[in-house]
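Residues per chain, in single letters:
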Amino acid sequence: MSERHHPPHREHGDSHEMFERRPGRERGGRGPRVFAPGDLKLLLLALIAEQPCHGYDLIRQIESMFDGAYSPSPGVIYPTLTFLEESELIQGDAEGGKKRYSVTDAGRLFLQEQAIALDGVRMRIEVSKRSLRGHDRPAEIHEAVHNLRHALQMHHGRWSPEEILRVRDLLNNTAKAIVDGPLSHPAQEKSQ
């Protein structure tokens, strides 16, 4: 195949720049940008250094840091984990089909060198958390939406025609019920 169909191979430095300057926003372009360039990489490295974990665990930890007002998508987390792994700052070990990430010695050294920057990341998270509180759904609703996404991901492609219709109807009926608002019950109104 010709070179125009395949971009030239990039060294780690180039991919680092490409990663840092990637346009767009977390959450698929919805809502305010939460992390400055490089913040997520440093935060994930710090969280993994505290305790080895899976990508899903990292999503939940970050979601918890924001009191449910923000949840990074797998499309943001997993490429960052791949970058950290290729940079040899973390290593992933397959466990039950899922990678469990742990920090390397190089990763610990990098964190020590970036301690002040990491403090800045944590301060920006606090500021972002306060600004997001008024702009997002309540934590209980956020948790329910997260559970729904997780349930769909856990389905693992076992989509028979009947199952497609069943899940479609569940989701569409739920969406309609949310849009329609609370139902008034005549019996409740008379008793009040």
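Residues numbered from 1 in each chain as written. Predicted model: local features only at pLDDT ≥ 70, side-chain atom pairs only at ≥ 80, totals over all residues. Heavy atoms only, no water.

1. Focus: the packing of helix α2 (residues 39-50) against helix α5 (residues 105-113)
Here comes step 1: At their nearest, the axes of α2 and α5 sit 10 Å apart, and the two run at 120° to each other. Taken together, α2 and α5 sit at an angle that is classed as oblique. The two elements α2 and α5 cross, and the hand of that crossing is left-handed. Contact residues: α2 offers K41, L42, L45, A46 and A49, while α5 offers G107, R108, F110 and L111.
Here comes step 2: Looking at the contact of α2 with α5, its residues break down into 6 nonpolar, 1 polar and 2 charged. (Axes fitted to C-alpha atoms, helices over the stretch in contact; angles between N-to-C directions. Helix = DSSP H or I, 4+ residues; strand = E, 2+ residues; numbered from the N terminus. Parallel < 35°, antiparallel > 145°, perpendicular 65-115°, else oblique. Left-handed = near helix turned anticlockwise from the far one by under 90°. Contact = heavy atoms within 4.5 Å. Nonpolar A, V, L, I, M, F, W, Y, C, P; charged D, E, K, R; others polar.)

2. Quick word on unusual backbone geometry
Here comes step 1: Positioned with a positive phi, D67 is a non-glycine residue whose angle comes to about 50°.
Here comes step 2: The residue D67 is located in the loop between α3 (55-65) and α4 (74-86) in this model.
Here comes step 3: The phi angle at E88 is positive, at roughly 60°, despite the residue not being glycine.
Here comes step 4: Its location among the elements puts E88 in the loop between α4 and β2 (90-95).

On their own, these measurements won't tell you what the molecule is for.
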